[in-house]
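Understanding the architecture of this molecule
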Protein chains: 2
Amino acid sequence: MSEKLVQSTGNGLHNSIPKLNVAVIGAGLVGSLAALNFARKGYEVDLYEYREDIRTAELVQGRSINLALSQRGRKALSEVGLEEQVLSTAIPMRGRMLHDIKGNTSIVLYDPCTNQCLYSVGRKHLNEILLNAGEKFPNIHHHFEHKLSSVNFNEGSMRFKRPYEEKYTEAKADLIVGCDGAFSAVRQQMIKNYGFNFSQEYIEHGYLELCIPSKNNEFQMPANYLHIWPRDTFMMIALPNQDKSFTVTLSMPFKVFADIKTPKDLLEFFVKYYVDALPLIGEEKLIKDFFKSKPQHLVSIKCNPYHYESKAVLMGDAAHAMVPYYGQGMNAGMEDCSLLSSIISQKEITLDEALLQYTETRWRDAHAICDLAMYNYVEMRDLTKRFTFKCRKFLDTTLFRFFPTTWVPLYNSVSFTSMPYNKCISNRKWQDKILRNFFYTILSGAFVTSTALYIMNVQKPN
Amino acid sequence: MSEKLVQSTGNGLHNSIPKLNVAVIGAGLVGSLAALNFARKGYEVDLYEYREDIRTAELVQGRSINLALSQRGRKALSEVGLEEQVLSTAIPMRGRMLHDIKGNTSIVLYDPCTNQCLYSVGRKHLNEILLNAGEKFPNIHHHFEHKLSSVNFNEGSMRFKRPYEEKYTEAKADLIVGCDGAFSAVRQQMIKNYGFNFSQEYIEHGYLELCIPSKNNEFQMPANYLHIWPRDTFMMIALPNQDKSFTVTLSMPFKVFADIKTPKDLLEFFVKYYVDALPLIGEEKLIKDFFKSKPQHLVSIKCNPYHYESKAVLMGDAAHAMVPYYGQGMNAGMEDCSLLSSIISQKEITLDEALLQYTETRWRDAHAICDLAMYNYVEMRDLTKRFTFKCRKFLDTTLFRFFPTTWVPLYNSVSFTSMPYNKCISNRKWQDKILRNFFYTILSGAFVTSTALYIMNVQKPN
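Residues numbered from 1 in each chain as written. Chains lettered and ligands numbered in written order. Predicted model: local features only at pLDDT ≥ 70, side-chain atom pairs only at ≥ 80, totals over all residues. Heavy atoms only, no water.

Named according to an unreviewed UniProt entry, chain A is Kynurenine 3-monooxygenase originating from Glossina brevipalpis. UniProt, in its Pathway (unreviewed entry) section for chain A, records the words "Cofactor biosynthesis; NAD(+) biosynthesis; quinolinate from L-kynurenine: step 1/3." Quoted verbatim from the Catalytic activity (unreviewed entry) field of UniProt, the annotation for chain A is "L-kynurenine + NADPH + O2 + H(+) = 3-hydroxy-L-kynurenine + NADP(+) + H2O". (UniProt positions renumbered as here; feature names shortened; annotations may be inferred.)

Written as structure tokens, this is what we have:
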């Protein structure tokens, strides 16, 4: 692949030479966005999804699952002209509303200075917007109910299994883009390559989704917050939905789940830990929802490289699945799309070079956000309650107010800027150092002053 | 699986109830040893290997590849009555012979106190001994050229691909034992299970095997040592073979390999770094061997758990592949066989319980030896040359001489005892602490004494 990727051919579009046929595997949020990006460059895009079309599928569980959209996701959506449409139906969340064990609440705003906020969006709704936008491109071809069964990168060939069909469907592509999630079949092939570093780490906590329904067509709690019930070793969170319900996520060790065996156990557990949430969910609904499904596993996945020569590349959860406690899984995946798109648009770059640059630019940041997400699980369920955490939050907010471009707190740089994730961490380390040195100086000053005063006092003539 | 595993049935053998059919995947060193262990318990064992029978196969590369056998491997071999036979043809290595850049040599004995040593054994020869021992058991059935293609743990079913056969061969077993190495097909299935933690990490160094042939039917260097040429960022080692040659392993970053493009580059490189080894290998042979093969990758693999319910279990490299710099890969794999065998032999234990106990007993130790192997790569190529390393070695040896049961140095506890690997590390940390405290005490004492002397001197009447 020595030919240059993108050259202006004078027909008004940036066309690829050779014209790329791209197969995007997975038509979830990242896959359908990636397809739009490739299509806008004039490539032929085949978008394969193993599920049926989410737009026509029945929502089996009757719950809308929502996600927190922040700056990186917004930027990626804005690049394909969809930010405004998505935000028009999203619910802004201005901060965390903390619920203590007695049911008292307190608010910690994300950004008291410039009022930036997260947006609660429904996964299904967002996916529909992205797929519908794809329908407008004649060079995007949707293929639902195509489950990738095997792939040969060197030949660019794929085999798909379709429901009720004995024979495999075969297809070819110049570039295979794995957007097929944490259990990616594309990555499954890549893992066999020499030099492919990979880790998957399950945490000891599972999660289970519950629901606080609307009441008289109104939200039962203040809508513009991410509600958190931190309880040391476990926690519960709730995000608002468009239909005025809240989707509640209960996260705790599997053994705590296992100890709740009967409706009586469950109600006692909620009375003890989530007393204010119990009447909002409703006892009957709680029992029904809790026992109808098993707690789900949570996995953190890191790998490197993200590409194989000029043949294949991973994006989103396929490249870096993370535990959901920084609300960055979707945002990071969408930022992958922004990044790869901007790299490919560089003049005089070959596909080999572009994919290599994508890996090299991205992997440290992706590892960093996976680590941060793991760290935030501790913060959300434990630290948010602590006095020291509140002090630091106050200090960060004050400094941020006075130095809005210099002192950006970690959470804000992750959620409300496009600063590379790894830079967000080194930025935080720099802030920690400044604060440490500042307090050491204060302490030393106090010591010197008090010693001087003492000596002066001793030497004072009686 | 609630029935008890091993009960005496009065027929003189420990028989399983239900009688277990065990499929061991991989007939390498660990697989063929595991098969012996299961067969000795009276189980029916099918031993599947994707290669042809190593005993009748031609040695394609014309090199015997050798390994360092130490205490854990010896113990496992002794449990199946094969230690003596293996040692009779092995070559003892009493220490490291270090070759400096000018070709000068120095010796660091492994165990100057009790003269324990490593044994250089040929992989092929050892495998032959184990397979031949298996032939004596009517309940071991060998199946060569059976490549595991897919496996269903719950059904205990396997499909194998055989050369020149279009149709798959199918088989069933109560327990499937993955001894199929670093790229294990059994683990490939396990990795899909929720809760299976896994990592594979490639190092930036590759290795390439060379040979110092015998001369006039004699070794060209002292035979009873593991020869090391440490060169900071890379190194070379050599182990003696039964035929009086040495197998030489050159380990260095892939980019250093890539920079050696021509025979001239290669000879200049050897003159610069391995001047004493060059005439022993021979220029012509060096050029031929170096350029006929590519440097191989090295991977470190960790996972947890090692089992799936009562259906499958991993052993050896399939469970914990490590970089080869502690010489413990084979020894750790053989120790897995000892451990699982002893657990299964416990009275009143079910297979579920036995496999769970195997995982829980083993994983921390296996992770520990993977980490130690990675650390020893630094030590072998770099630290062995340093003064501080030599001082510590001297101190450890002296203390070991006086307190042979209390002060066992790290290398010795790993290589010459069966102390759990993780305990070896905590033992070393304890030793570090003692030494650190000792030196602090000495330093404080010296400071106090010199201060006291100074004060006395100042106060002395002139």
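Now that the structure has been shown, we can carry on.
Moving on: the packing of aromatic side chains. Counting across every chain of the model gives 43 aromatic pairs over all chains. Centroid distance Phe 270 of chain A to Tyr 274 of chain A: 5.3 Å. Interplanar angle 55°. Geometry classified as tilted. The exposure classification of Phe 270 of chain A matches that of Tyr 274 of chain A, with both residues buried. Lying over the aromatic face of Tyr 168 of chain A, Arg 159 of chain A brings its terminal NZ or CZ to 4.3 Å of the ring centre. When the ring centre of Tyr 411 of chain B is taken as origin, the NZ or CZ atom of Arg 96 of chain B, which lies over that ring, is 5.1 Å away. (Phe/Tyr/Trp six-rings, centres within 6.5 Å; stacked < 30°, edge-to-face > 60°. Buried < 20%, exposed > 50% of the residue type's maximum accessible area, 1.4 Å probe, protein only. Lys NZ or Arg CZ within 6 Å of the ring centre and 35° of its normal.)

All names here are of chain B. Taken in spatial order, the three strands of this open sheet run 5-9-6, and their pairing is antiparallel. Looking at which strands have only one partner, the edges of the open sheet turn out to be strand 5 (66-69) and strand 6 (91-93). Going across the sheet, the axis of each strand differs from the next one's by a mean of 35°, ignoring polarity. Note: strand 6 against strand 9 (residues 118-122), three bridges, orientation antiparallel. Its bridge partner being in strand 9, Pro 92 is matched across the sheet by Tyr 119. Lying over the sheet, helix 4 (residues 123-135) contacts strand 5 and strand 9, oriented at roughly 80° with respect to strand 9. Where helix 11 (residues 329-344) meets the sheet, its contacts fall on strand 5 and strand 9, and the angle it forms with strand 5 comes to roughly 60°. (Pairing = 2+ DSSP bridges. Helix = DSSP H or I, 4+ residues; strand = E, 2+ residues; numbered from the N terminus. Axes fitted to C-alpha atoms, helices over the stretch in contact; angles between N-to-C directions. Contact = heavy atoms within 4.5 Å.)

We now examine a positive patch on the surface. Where like charges cluster on the molecular surface, the positive patch consists of Lys 147 and Lys 192 of chain A together with Lys 147 and Lys 192 of chain B. In this structure, Lys 192 of chain A sits in the loop between helix 5 (185-190) and strand 15 (197-202). (Patch = residues over 30% accessible without salt bridge, like charges linked within 9 Å, V, L, I, M, F, W, Y side chains within 5 Å. Areas by Shrake-Rupley, 256 points an atom, 1.4 Å probe, with all protein chains shown as cover. Salt bridge = Lys/Arg side-chain N within 4 Å of Asp/Glu carboxyl O. Lys, Arg positive; Asp, Glu negative; His and termini not counted. Charge placed at Lys NZ, Arg CZ, Asp CG, Glu CD.)

Now for the relation of the copies chain B and chain A. Between chain B and chain A, which share one sequence, the superposing operator has a rotation angle of 180° and an axial displacement of 0.0 Å; the RMSD is 0.1 Å. The symmetry that links the two subunits is that of a two-fold axis. By C-alpha distance to the rotation axis, the residue of chain B lying nearest is Ser 199 of chain B, at 2.0 Å. Here 100% of the contact residues of chain B are again contact residues in chain A; the copies associate through an equivalent surface. (Least-squares fit on C-alpha atoms with pLDDT ≥ 70 in both.)

Residue-level contacts link 15 residues of chain B with 15 residues of chain A. Note on chain B versus chain A: buried area summed over both sides is about 1,400 Å², and carbon and sulfur give 52% of it. Looking at the side of chain B facing chain A, the largest losses of area belong to Tyr 194, Gln 200 and Tyr 202 of chain B, adding up to 38% of the total buried there. Linking chain B with chain A are zero salt bridges. Joining chain B to chain A, the criterion identifies eight residue pairs in polar contact (both at pLDDT 80 or more). The dominant element in the side of chain B that touches chain A, judged by the number of residues it contributes, is strand 15 (residues 197-202) of chain B, at six residues. In terms of residue class, the side of chain B that touches chain A is built from six nonpolar, seven polar and two charged. Where strand 15 of chain A lies against strand 15 of chain B, three bridges are found, and the strand directions are antiparallel. Pairing of Gln 200 of chain A across the sheet is with Phe 198 of chain B, part of strand 15 of chain B. (Buried area = accessible area lost by both parts, 1.4 Å probe. Polar contact = N/O pair within 3.5 Å; in protein donor to acceptor, adjacent residues only side chain to side chain. Nonpolar A, V, L, I, M, F, W, Y, C, P; charged D, E, K, R; others polar.)

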